[in-house]
Amino acid sequence: MQAEWIWGLGGGLLIGLGAAVYLLGNGRIMGASGIIGGLVDNSDRSLERLSFLAGVVGMPLLLRPLLSSAPQTHLTSNITVVIIAGLLVGVGTRLANGCTSGHGVCGISRFSLRGIVATIIYIAAGGITLALLRHMWGLI
Amino acid sequence: MRALISLLAGSLFGTGLLISGMTDTTKVQGWLDVFGQWDPTLAFVMGGAIIPMLVAWRLTVGRQPLTGGQYPPKVAFALDRRLILGSVLFGMGWGLAGLCPGPALASLSYGGVDGTIFLISMIAGMYAAPTLGAQLDRTANAA
C-alpha cells in the first residue's frame, strides 16, 4: 500500500497535536509511560490522568466501526515473548523516565539532549534485539 | 477544565496512534528491523508528531499554561545509569513485541488476550521499577 506513509504522517500530526494540547493547556509533558506509571505507583492519581487514559483507550474503540478494515496489532501469540517484552517495556520506561511519546516526541521537539539520547538508545536496542533474535538466532 | 483538556489530548493521541499504524507491531518491528523488509512508516509518524510540538514549545516562551501554573523546566543533561539502562531495556522490549506504552493502551479494545497480557506485564514492570531503580543507585554509590 503506497498510502501508508500518508496515514503515518496524518496520525503523527494528531499525536503531536494531542501533545501540544496537553502542554499548552495543562502545562504537562504528554508521556504515556509517565501518565500510566503515575497511576501505577500511586504518585499521581489525579482525574486529569484518568481522563487522558479514557481518551486514549476510548477513541480507538469509538472509531473502530468507521474503519474500512478492522485494526490489528499482529502481536506475537508467543506468550513468553509477550510477558518478557511487557516487563522490559514497563521497567525500562519508568527507569528512563520516558518512552516514545515523552522522550521521543516531546523531548526531541524541545531539543532536549536527554530525550534525544534516550531515543537513540532505545531505537538502537530495539534494532539490535531484532537483528539478533530474528536474523541471527531465528527465535522470533 | 484540566480533566477536559486531558480528555481532548488523550483522544487526539489515541486517534493518532490508531490511524498512524503505531499499534501495528509488524510496522513497528518492520521499522526497527533494518535487516528485513524495512518499513519507513514510523519515520513519518515521528516526524509528523514532532511538527506540532516544535510550534507548541515556541508558544510556551514567556507564557503560562492555559490553566495556570508553570511549564515543566528542562532537565539538565546528565548521562545517568537510569536513563541509559532504562532506555536499553525499553528498546529490547519494544523490539521484541513491537509495542510501546501508548499503543499498548490504545489497542486495548482490539489487541485481544495477548495485548491485555502485554499491558498487564508492562504495568507489573512499572510497579517493580522504583525498587530496581533504588537498587541501581545503591550499587552506583558503592562502586
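The coordinates are above.
Computed from a prediction, not measured in an experiment: that's the story for all the values here.

Colleague: Can you walk me through the overall build of chain A in this structure?
Modeller: A count of helices and strands for chain A gives six helices and zero strands. When the helices and strands of chain A are listed from N to C terminus, the series reads α-α-α-α-α-α. Dimensions of chain A, computed from the C-alpha atoms along their principal axes, are close to 50 × 40 × 30 Å. Burial analysis of chain A (140 residues in total) assigns 54% to the buried set. Within chain A, contacts between residues at least 6 apart in sequence are counted, and of these 32% link residues at least 24 apart. With an accessible surface of roughly 6100 Å², chain A has 69% of that area assigned to carbon and sulfur atoms.

Colleague: I keep staring at helix α4 (residues 79–95) of chain A and nothing clicks. Help me out?
Modeller: Three- or four-residue spacings in an α-helix give side chains the same orientation, since the helix completes a turn every 3.6 residues. All names here are of chain A. With 17 residues, α4 ought to run about 24 Å at 1.5 Å a step, and its terminal C-alpha atoms sit 24 Å apart, in line with that. The element α4 is extensively covered by neighbouring structure, given that twelve of its 17 residues are classed as buried. Residues of α4 that are buried: Val81, Val82, Ala85, Gly86, Leu88, Val89, Gly90, Val91, Gly92, Thr93, Arg94 and Leu95. For α4, the side-chain oxygen to backbone nitrogen distance between the N-cap and Thr80 is 3.1 Å, and the N-cap itself is Asn78. Count one or two residues on from α4 and you reach Asn97, which has phi positive near 60°.

Colleague: Hey, could you run me through the interface of chain B and chain A in this one?
Modeller: A common way to state how big an interface is: give the accessible area lost once the parts meet. Tallying the contact residues gives 102 residues for chain B and 101 residues for chain A. Summing both sides of the interface, chain B and chain A together bury roughly 9000 Å²; the carbon and sulfur share of this comes to 77%. Our enumeration of links across chain B and chain A arrives at four salt bridges. Across the pair B:Asp80 and A:Arg114 runs a salt bridge whose closest N-O atoms are separated by 2.9 Å. Linking chain B to chain A there are 24 residue pairs in polar contact (both at pLDDT 80 or more). Listed by contribution, the elements that provide at least two residues to the side of chain B that touches chain A are α1 (2–20), α2 (25–32), α3 (41–60), α4 (81–97), α5 (101–106) and α6 (112–142) of chain B. Of all the elements, α1(B) adds the most residues to the side of chain B that touches chain A, at 18 residues. Partitioned by chemical class, the residues of the side of chain B that touches chain A number 63 nonpolar, 30 polar and nine charged.

Colleague: Got a minute to help me understand the side chain of A:Thr100 in this structure?
Modeller: With respect to the helices, strands and loops of the structure, A:Thr100 is situated in helix α5 (residues 100–109). For A:Thr100, the contacting residues outside a window of four places in its chain are A:Val105, A:Tyr122, B:Met22, B:Met46, B:Phe90, B:Trp94 and B:Cys100.

Colleague: Quick question: what am I supposed to make of a nonpolar patch on the surface here?
Modeller: A contiguous nonpolar surface patch, about 370 Å² in accessible area, is contributed by A:Phe111, B:Leu54, B:Val55 and B:Leu59. By secondary structure assignment, the location of A:Phe111 is in the loop between α5 and α6 (113–136).

Colleague: How should I be thinking about the pattern of salt bridges in this particular structure?
Modeller: Two side chains with opposite charge may pair up if their charged atoms get near one another. Evaluation of the coordinates by the stated rule reveals six salt bridges over all chains. Note that A:Glu48 and B:Arg2 form a salt bridge whose closest N and O atoms lie 2.6 Å from each other. Residue A:Glu48 is located in helix α3 (residues 47–63), and its partner B:Arg2 is located in helix α1; the two belong to separate chains. With a relative accessible area of 26%, B:Arg2 lands in the partly exposed category.

Rules and cut-offs
- Residues numbered from 1 in each chain as written.
- Chains lettered and ligands numbered in written order.
- Predicted model: local features only at pLDDT ≥ 70, side-chain atom pairs only at ≥ 80, totals over all residues.
- Heavy atoms only, no water.
- Helix = DSSP H or I, 4+ residues; strand = E, 2+ residues; numbered from the N terminus.
- Buried < 20%, exposed > 50% of the residue type's maximum accessible area, 1.4 Å probe, protein only.
- Contact = heavy atoms within 4.5 Å.
- Areas by Shrake-Rupley, 256 points an atom, 1.4 Å probe, with all protein chains shown as cover.
- Expected span 1.5 Å × (residues − 1).
- Polar contact = N/O pair within 3.5 Å; in protein donor to acceptor, adjacent residues only side chain to side chain.
- Buried area = accessible area lost by both parts, 1.4 Å probe.
- Salt bridge = Lys/Arg side-chain N within 4 Å of Asp/Glu carboxyl O.
- Nonpolar A, V, L, I, M, F, W, Y, C, P; charged D, E, K, R; others polar.
- Patch = residues over 30% accessible without salt bridge, like charges linked within 9 Å, V, L, I, M, F, W, Y side chains within 5 Å.

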